[in-house]
Amino acid sequence: MQPARSGPSISDAASAPVKYHGNAIVASRRQVGNPLLQFIKNVRVVYGDIVADYQIGEENVALFLSLKYHLLHKNYLIYRLRELQRSFRVRILLCYVDTPDPVNPLAEVIKACIFQGFTLVCAWSYQECARYLETFKSYESKPADNIQERIGHDYLSRLNAVLTSIRGINKTDVLSLGTQTGSLAKAMRATSEELASCPGIGPTKVKRLREVFHTPFRRESGRAVAHTKQSTIDFKSIQTFCVFQDCKHPNNELDGSSNCIHCKRPVHKQCVSRLGKGIWSRKKTVPQGILICPDCCQ
């Protein structure tokens, strides 16, 4: 009886087809002899002529890098990352951390991955590297909600999911709050004293609950707020002054045809050039020729 093989052999590499295998990890021929292959037990591995080190999906590939090898060959990583470019949707760099002081070399690897658009996954043993490859392959066709938190359909589970997102509020607080008030709607209408009467909910938690319950979902833009503030001012009493507070020109030189498009305040002839060039706009550039005072631009 022949002993069971722990991984694909070189003979497999010579006869393996090159095309993508839906139920197997395709390993590059350059990975022959990599110790991590002997720890892949749950997924079949075949060899093929591929650019990446491992193809774990139709649009998913992985490169393998030993940190010790990176210290000896600095240019290898950049060459391998650029070799793939944008050929695949998901590009993973599986980094085997095998140096006693990995801080500086890992910083170089992280920087290279950011610039080349790779996802970095670090492992500290060949077994861990193999486990990552098996997991990536097994989750190739799984939807994203498989790894999302599952929320029950009962009322308490949904209440927990909503209120525990508030900092400092735990499931015990949610149970206490629900028992005391009876529903989320009543809890939102409760006063600070009523919230504080719930066991386990102190002043800090009451403050955070009130902030969440009474903060509006939509915030007015800065321009809208500024325009609202300007609309409450009686501009008739200041019609003889230029909109620029630092203006030094005489008031009798006001140009009646040059006014702010929003608040209608006048502008000096000499100050018209300061408007409409985007220099006062914090959000976006003001079109040329449109007169908007600095207060309305903010």
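So, here is what we can say about the structure in this document. Computed from a predicted structure; not experimentally measured.

### Description of the nonpolar core
Okay, step 1: The biggest cluster of nonpolar side chains holds 20 residues, and the ones touching the most others in it are Leu36, Ile40, Tyr54 and Leu133.
Okay, step 2: Of all elements in the fold, only β1 (24-28), β2 (44-48), β4 (60-66), β5 (90-96), β6 (119-123) and α5 (126-138) reach the threshold of two or more residues within this core.
Okay, step 3: If sequence neighbours within four positions are ignored, Leu133 has contacts with Ile25, Leu36, Ile40, Tyr54, Ile56, Ala62 and Leu94.
Okay, step 4: Core analysis: the next-biggest nonpolar cluster, separate from the first, contains 18 residues, Leu65, Phe88, Leu93 and Phe118 among them.

### Remarks on the sheet that holds β2
Okay, step 1: The sheet built from 6 strands is open, its strands ordered β2-β1-β3-β4-β5-β6 with mixed pairing. Of all strands in the sheet, those bounded by a partner on one side alone are β2 and β6.
Okay, step 2: In the sheet, β1 pairs with strand β3 (residues 54-55) via 2 bridges, with the strands oriented antiparallel. Its bridge partner being in β3, Val26 is matched across the sheet by Gln55.
Okay, step 3: Where helix α3 (residues 74-84) meets the sheet, its contacts fall on β4 and β5, and the angle it forms with β4 comes to roughly 175 degrees.
Okay, step 4: Taken strand by strand, α5 contacts β1, β3, β4, β5 and β6, and its axis lies near 140 degrees from that of β6.

### What about the side chain of His70?
Okay, step 1: With respect to the element layout, His70 can be found in helix α2 (residues 67-72).
Okay, step 2: Judged by relative accessible area, which is 3%, His70 ranks as buried.
Okay, step 3: Other than its neighbours up to four places away in sequence, His70 contacts Leu65, Leu77, Pro105, Glu108 and Val109.

### Remarks on the packing of aromatic side chains
Okay, step 1: Applying the stated rule across the entire model yields 3 aromatic pairs.
Okay, step 2: Look at Tyr69 and Tyr76: their rings are 5.1 Å apart centre to centre, the planes differ by 80 degrees, and that puts the pair in the edge-to-face class.
Okay, step 3: The partly exposed category is assigned to Tyr69, whose relative accessible area is 37%.
Okay, step 4: Measuring from centroid to centroid gives 4.4 Å for Tyr96 and Tyr126, while their planes differ by 40 degrees, and the two rings are tilted. Separated by 30 residues along the polypeptide, Tyr96 in strand β5 and Tyr126 in helix α5 bring together distant segments of the chain.
Okay, step 5: On the accessibility criterion, Tyr96 (13% relative accessible area) is buried.
Okay, step 6: The residue whose ring lies beneath Arg91 is Phe118, and the NZ or CZ to ring-centre distance is 5.6 Å.

### With respect to the packing of α3 against helix α4 (residues 103-116)
Okay, step 1: It is the contact of α3 with α4, at a shortest axis distance of 10 Å, that shows an interaxial angle of 20 degrees. Put simply, α3 runs roughly parallel to α4. Judged by the twist between their axes, the crossing of α3 over α4 is right-handed. Of α4, the residues touching α3 (which contributes Lys74, Leu77, Ile78, Leu81 and Arg82) are Glu108, Val109, Ala112, Cys113 and Gln116.
Okay, step 2: Here the contact of α3 with α4 is composed, by residue class, of 6 nonpolar, 1 polar and 3 charged.

About the criteria used
- Residues numbered from 1 in each chain as written.
- Predicted model: local features only at pLDDT ≥ 70, side-chain atom pairs only at ≥ 80, totals over all residues.
- Heavy atoms only, no water.
- Core = buried A, V, L, I, M, F, W, Y, C linked by side-chain atoms within 4.5 Å.
- Buried < 20%, exposed > 50% of the residue type's maximum accessible area, 1.4 Å probe, protein only.
- Helix = DSSP H or I, 4+ residues; strand = E, 2+ residues; numbered from the N terminus.
- Contact = heavy atoms within 4.5 Å.
- Pairing = 2+ DSSP bridges.
- Axes fitted to C-alpha atoms, helices over the stretch in contact; angles between N-to-C directions.
- Phe/Tyr/Trp six-rings, centres within 6.5 Å; stacked < 30°, edge-to-face > 60°.
- Lys NZ or Arg CZ within 6 Å of the ring centre and 35° of its normal.
- Parallel < 35°, antiparallel > 145°, perpendicular 65-115°, else oblique.
- Left-handed = near helix turned anticlockwise from the far one by under 90°.
- Nonpolar A, V, L, I, M, F, W, Y, C, P; charged D, E, K, R; others polar.

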